[in-house]
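What follows is each chain in one-letter form.
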Amino acid sequence: MRYRVDEMTMADLPRIVEIERLAYTTPWPPSAYRRELQENRMAHYIVVRDTWLKPPEPLGAPRDDQHRPFPLSLLPVRVPPAISPEAANIVAFCGLWHMVSEAHITTIAAHPDYRGRGVGELMLSSMIGLAYSEHARYVTLEVRVSNYVAQNLYRKYGFSQTTVRRRYYSDNHEDAFVMSTENITTEAYQERYTELRARLLMRLASDNKPPAPTGDYENLK
Ligand SMILES: CC(C)(COP(=O)(O)OP(=O)(O)OC[C@H]1O[C@@H](n2cnc3c(N)ncnc32)[C@H](O)[C@@H]1OP(=O)(O)O)[C@@H](O)C(=O)NCCC(=O)NCCS
């Protein structure tokens, strides 16, 4: 399988922060992820790796543009946290909080170069799988009313709108739809889930598209 789903670890955070900045207008600060991983016992986070994606050179090498002429060379250089080779092939991530019968998806994002290839669906499907193993009965989330792409993905897995949270998003005060699955433990839902999952795995197995341009790593060195 080209795409691999792993639990998120602290070593993954610099890469998560990079993808998050490309995906959201109000990204979480790295400290929020650190708290989620280290302190929140309800939280489960996963990453998707493209195992075909290899960094072009050891990460953390100094950048040419850091050798700046005097007097600029006296100014401090902001060096982003190094991304380990293990984290460099992460292309998407997702998380949920498990609260008794509910699994609430807190975040889901794919790198822009990896959208439209089933990776987002792989995360949602994995989260529903996780909800089953945690004995949750409903999967819920909030989504911007304008985010049709994400809403389409959720509807594919039987989510429907339950309510609206007015002015939920702090950047532009956009409303959020709260969406929820039906009871995922019913036979009907499990059948649907199993069928969608099988179709998805076949789709992902035939993804021969070359890894995204390594230019992405320019930002990570
Ligand atoms: C939402 C997101 C995770 C989807 O990931 P993705 O990898 O592009 O989605 P997939 O390729 O797995 O597509 C799964 C389904 O999503 C929907 N979808 C994906 N791209 C779409 C598009 N361009 N237009 C309409 N629907 C689309 C479809 O229902 C699709 O199923 P299909 O392939 O059977 O048509 C991704 O767009 C993203 O990271 N967006 C930015 C962050 C974000 O908005 N997160 C949601 C917060 S609530």
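The structure displayed is predicted, hence computed values, not measured ones.

### So, the overall build of the protein chain
No. 1: Within the protein chain, the secondary structure is distributed over five helices and seven strands.
No. 2: Its helices and strands in sequence order give the protein chain the pattern β-α-α-β-β-β-α-β-α-β-β-α, from N to C terminus.
No. 3: The burial tally for the protein chain puts 42% of its 221 residues in the buried class.
No. 4: Relative to all contacts within the protein chain whose residues are 6 or more apart in sequence, the contacts with residues 24 or more apart total 75%.
No. 5: When the accessible surface of the protein chain is totalled, it reaches about 12100 Å², and 54% of it is carbon and sulfur.

### Details of the packing of helix 3 (residues 119-133) against helix 5 (residues 187-205)
No. 1: Interaxial distance between helix 3 and helix 5 falls to 10 Å at its minimum, and their mutual angle equals 140°. Crossing geometry of helix 3 relative to helix 5 is assigned as left-handed. Along its contact with helix 3, which presents V119, E121, L122, S125, S126, I128, G129 and Y132, the element helix 5 presents Y189, Q190, Y193, L196, R197, L200, R203 and L204.
No. 2: Looking at side-chain class alone, the contact of helix 3 with helix 5 contains nine nonpolar, four polar and three charged residues.

### Thoughts on the site of the ligand
No. 1: Neighbouring residues of the ligand: 23 residues in total, closest A110, G120, E121, N147 and K156.
No. 2: A distance of 2.5 Å separates an oxygen atom of the ligand from a polar side-chain atom of K156.
No. 3: In the complex, the protein chains occlude 73% of the 930 Å² of accessible area that the ligand would expose alone.
No. 4: Elements with a contribution of two residues or more to the shell around the ligand: strand 4 (102-110), helix 3, strand 5 (138-144) and helix 4 (148-156).
No. 5: Looking at the shell around the ligand, the element that brings in the most residues is helix 4, giving six residues.

### Focus: the confidence of the model for the protein chain
No. 1: In the predicted model, the protein chain carries a mean pLDDT of 90, and 88% of its residues have values of at least 70.
No. 2: Segment residues 217-221: pLDDT under 50, and 17 contacts once partners within four positions in sequence are set aside and those in other chains are kept.

### Focus on helix 5
No. 1: With 19 residues, helix 5 extends 27 Å from end C-alpha to end C-alpha; this agrees with the ideal 27 Å at 1.5 Å per step.
No. 2: On its buried face, helix 5 sits against strand 1 (3-7), helix 3 and helix 4.

### As for unusual backbone geometry
No. 1: Phi is positive for R167, close to 50°, though the residue is something other than glycine.
No. 2: In this structure, R167 sits in the loop between strand 6 (160-165) and strand 7 (176-180).
No. 3: Assessed through its relative accessible area of 55%, R167 is described here as exposed.
No. 4: Here H173, not a glycine, exhibits a phi torsion of approximately 60°, which is positive.
No. 5: Residue placement: H173 occurs in the loop between strand 6 and strand 7.

### Some details on the nonpolar core
Nonpolar side chains in soluble globular proteins generally cluster together in the buried interior.
No. 1: If you look at the biggest cluster of nonpolar residues, it comprises 37 residues, and the most contacted ones within it are I105, L124, Y154, Y157 and F159.
No. 2: Residue assignment for this core shows that the elements contributing at least two residues are strand 2 (43-50), strand 3 (90-99), strand 4, helix 3, strand 5, helix 4, strand 7 and helix 5.
No. 3: The element best represented in this core is helix 3, accounting for seven residues.
No. 4: When residues no more than four places from it in sequence are discounted, the contact partners of Y157 are E121, L124, S125, I128, T181, Y189, R192, Y193, L196, R197 and L200.
No. 5: Residues L13, I83, A88 and F93 belong to the second largest nonpolar core, which totals 14 residues.

### Describing the packing of helix 3 against helix 4
No. 1: Contact pair helix 3 / helix 4: the axes reach a minimum separation of 11 Å and the direction vectors enclose 45°. In terms of orientation, helix 3 lies oblique with respect to helix 4. Read as a crossing pair, helix 3 and helix 4 show a hand that is right-handed. Packed against helix 3, whose contacting residues are G120, E121 and L124, the element helix 4 presents L153, Y154 and K156 at the interface.
No. 2: Taken together, the residues that form the contact of helix 3 with helix 4 break down as three nonpolar, one polar and two charged.

### As for the packing of aromatic side chains
The geometry of an aromatic ring pair is captured by two quantities: the separation of the ring centres and the angle between the planes.
No. 1: The final tally for this structure, using the stated rule, is seven aromatic pairs.
No. 2: On the basis of an interplanar angle of 80° and a centroid distance of 6.1 Å, the ring pair of Y33 and Y45 is categorised as edge-to-face. Here Y33 is found in helix 2 (residues 30-39), whereas its partner Y45 is found in strand 2, with twelve residues between them in sequence.
No. 3: What makes Y45 buried here is its relative accessible area of 4%.
No. 4: For the pair Y168 and Y169, a centre-to-centre distance of 5.0 Å together with 85° between the ring planes defines the contact as edge-to-face.
No. 5: Judged by relative accessible area, Y168 falls into the partly exposed class, the value being 37%.
No. 6: Assessed through its relative accessible area of 16%, Y169 is described here as buried.
No. 7: Here a set of aromatic residues connected by ring pairs shows up, and it is made of W28, Y33, Y45 and F93.
No. 8: R144 extends its terminal NZ or CZ atom over the ring of Y169, reaching a point 4.2 Å from the ring centre.

Definitions and limits used
Residues numbered from 1 in each chain as written. Predicted model: local features only at pLDDT ≥ 70, side-chain atom pairs only at ≥ 80, totals over all residues. Heavy atoms only, no water. Helix = DSSP H or I, 4+ residues; strand = E, 2+ residues; numbered from the N terminus. Buried < 20%, exposed > 50% of the residue type's maximum accessible area, 1.4 Å probe, protein only. Contact = heavy atoms within 4.5 Å. Areas by Shrake-Rupley, 256 points an atom, 1.4 Å probe, with all protein chains shown as cover. Axes fitted to C-alpha atoms, helices over the stretch in contact; angles between N-to-C directions. Left-handed = near helix turned anticlockwise from the far one by under 90°. Nonpolar A, V, L, I, M, F, W, Y, C, P; charged D, E, K, R; others polar. Near = heavy atom within 4 Å. Polar contact = N/O pair within 3.5 Å; in protein donor to acceptor, adjacent residues only side chain to side chain. pLDDT = per-residue confidence, 0-100. Expected span 1.5 Å × (residues − 1). Core = buried A, V, L, I, M, F, W, Y, C linked by side-chain atoms within 4.5 Å. Parallel < 35°, antiparallel > 145°, perpendicular 65-115°, else oblique. Phe/Tyr/Trp six-rings, centres within 6.5 Å; stacked < 30°, edge-to-face > 60°. Lys NZ or Arg CZ within 6 Å of the ring centre and 35° of its normal.

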